[in-house]
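Each chain is listed here by its residues.
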Amino acid sequence: MSDNVILVGFMGAGKSSVGHILARRLGRCFVETDDMITAREGRPIPEIFADKGEAHFRALEEETLRLLALKRGDVIATGGGLPCRDGRVEALRTMGTVVWLSGDLAALYERALRSGERPMLRGKTREEVEALYKRREPFYAKADLSVDTTGLNPDRVAAEVVKALQGRGRLPHPTLSHHGDQGASS
Ligand code: S3P
């Protein structure tokens, strides 16, 4: 397994902001699947949805997933819908540790409306967004780890992710690794 850290979760979970902080803290590169798609298509995601529709965007996500298999040791933030198809979370789990940034839907929804243009929210009622979340939740729940973001700022969420990764032995513990290294060489 490649040791990427892969963030999944609903729109508004803070995958981008947490991912940036986490990558800096771990000294890793940060990659966003939405950026990979935007770069490949040469235009922003709302335009891709408007011109070619959701099905085309989902096909681009499939292609992106194949490219992610080449990544090693990166922090990767995925678009909110990327893991929500059969086999996707399983594929991501072969590439690293999948971390679900979960949270209270009301807070996620509010944050998602506030920051950036999101085609999946356009023209949808609150109830429709809730139904979308309910359909997606079982996919996110297949992640290796989950961190509840409710009431936490991105910095705190990143700290919780680090703790959760260390707890699962997915990162060297900063205070223990020194002794561990000594032990290994003696
Ligand atoms: C989507 C979420 C977006 C982006 C696209 C579709 C979704 O990413 O990939 O607009 O289906 O939930 P964020 O989760 O970063 O908003």
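Thresholds, definitions, all that
Residues numbered from 1 in each chain as written. Predicted model: local features only at pLDDT ≥ 70, side-chain atom pairs only at ≥ 80, totals over all residues. Heavy atoms only, no water. Pairing = 2+ DSSP bridges. Helix = DSSP H or I, 4+ residues; strand = E, 2+ residues; numbered from the N terminus. Axes fitted to C-alpha atoms, helices over the stretch in contact; angles between N-to-C directions. Contact = heavy atoms within 4.5 Å. 1 Å grid on protein atoms, 1.4 Å probe; cavity = no way out; pocket = protein on both sides within 12 Å on 5 of 7 lines; lining within 4 Å. Points joined across faces, edges and corners; volume = space filled by probe spheres on them. Nonpolar A, V, L, I, M, F, W, Y, C, P; charged D, E, K, R; others polar. pLDDT = per-residue confidence, 0-100. Parallel < 35°, antiparallel > 145°, perpendicular 65-115°, else oblique. Left-handed = near helix turned anticlockwise from the far one by under 90°.

(A) Geometry of the sheet that holds strand β1 (residues 4-8). The parallel open sheet is built from five strands, whose spatial order is β2-β3-β1-β4-β5. The sheet is open, and its two borders are formed by β2 (30-32) and β5 (145-148), each paired with just one other strand. The mean angle between the axes of side-by-side strands here comes to 25 degrees, regardless of whether they run parallel or antiparallel. Pairing of β1 with strand β4 (residues 96-102) involves five bridges; the strand directions are parallel. Counted as the bridge partner of Ile-6 is Val-98 from β4. Running over the sheet, helix α1 (residues 15-26) touches β1, β2, β3 (75-77) and β4 and is turned about 160 degrees from β2.

(B) Representation of the layout of surface pockets. Approximately 600 Å³ is the volume attributed to the largest pocket. Considering the residues around the largest pocket, the lining is formed by 32 residues, among which Met-11, Asp-34, Gly-79, Gly-80 and Arg-118 are closest to the centre. Only α1, α2 (33-41) and α3 (45-68) provide two or more residues apiece to the lining of the largest pocket. Residues belonging to the lining of the largest pocket are distributed by class as follows: ten nonpolar, twelve polar and ten charged.

(C) How the structure looks around the confidence of the model for the protein chain. Averaged over every residue, the pLDDT of the protein chain is 92; residues scoring 70 or more account for 91%. Predicted confidence for residues 177-186 stays below pLDDT 50, and this span has one contact to residues more than four positions away or in other chains.

(D) Just the packing of helix α5 (residues 105-114) against helix α6 (residues 126-140), in detail. Running from N to C, α5 and α6 cross one another at 115 degrees; their axes reach a closest spacing of 11 Å. Taken together, α5 and α6 sit at an angle that is classed as roughly perpendicular. The hand of the α5/α6 crossing is right-handed. Contact with α5, carried on its side by Leu-105, Ala-106, Leu-108 and Tyr-109, involves Arg-126, Val-129, Glu-130 and Tyr-133 of α6 and no other residues of that element. Here the contact of α5 with α6 is composed, by residue class, of six nonpolar, no polar and two charged.

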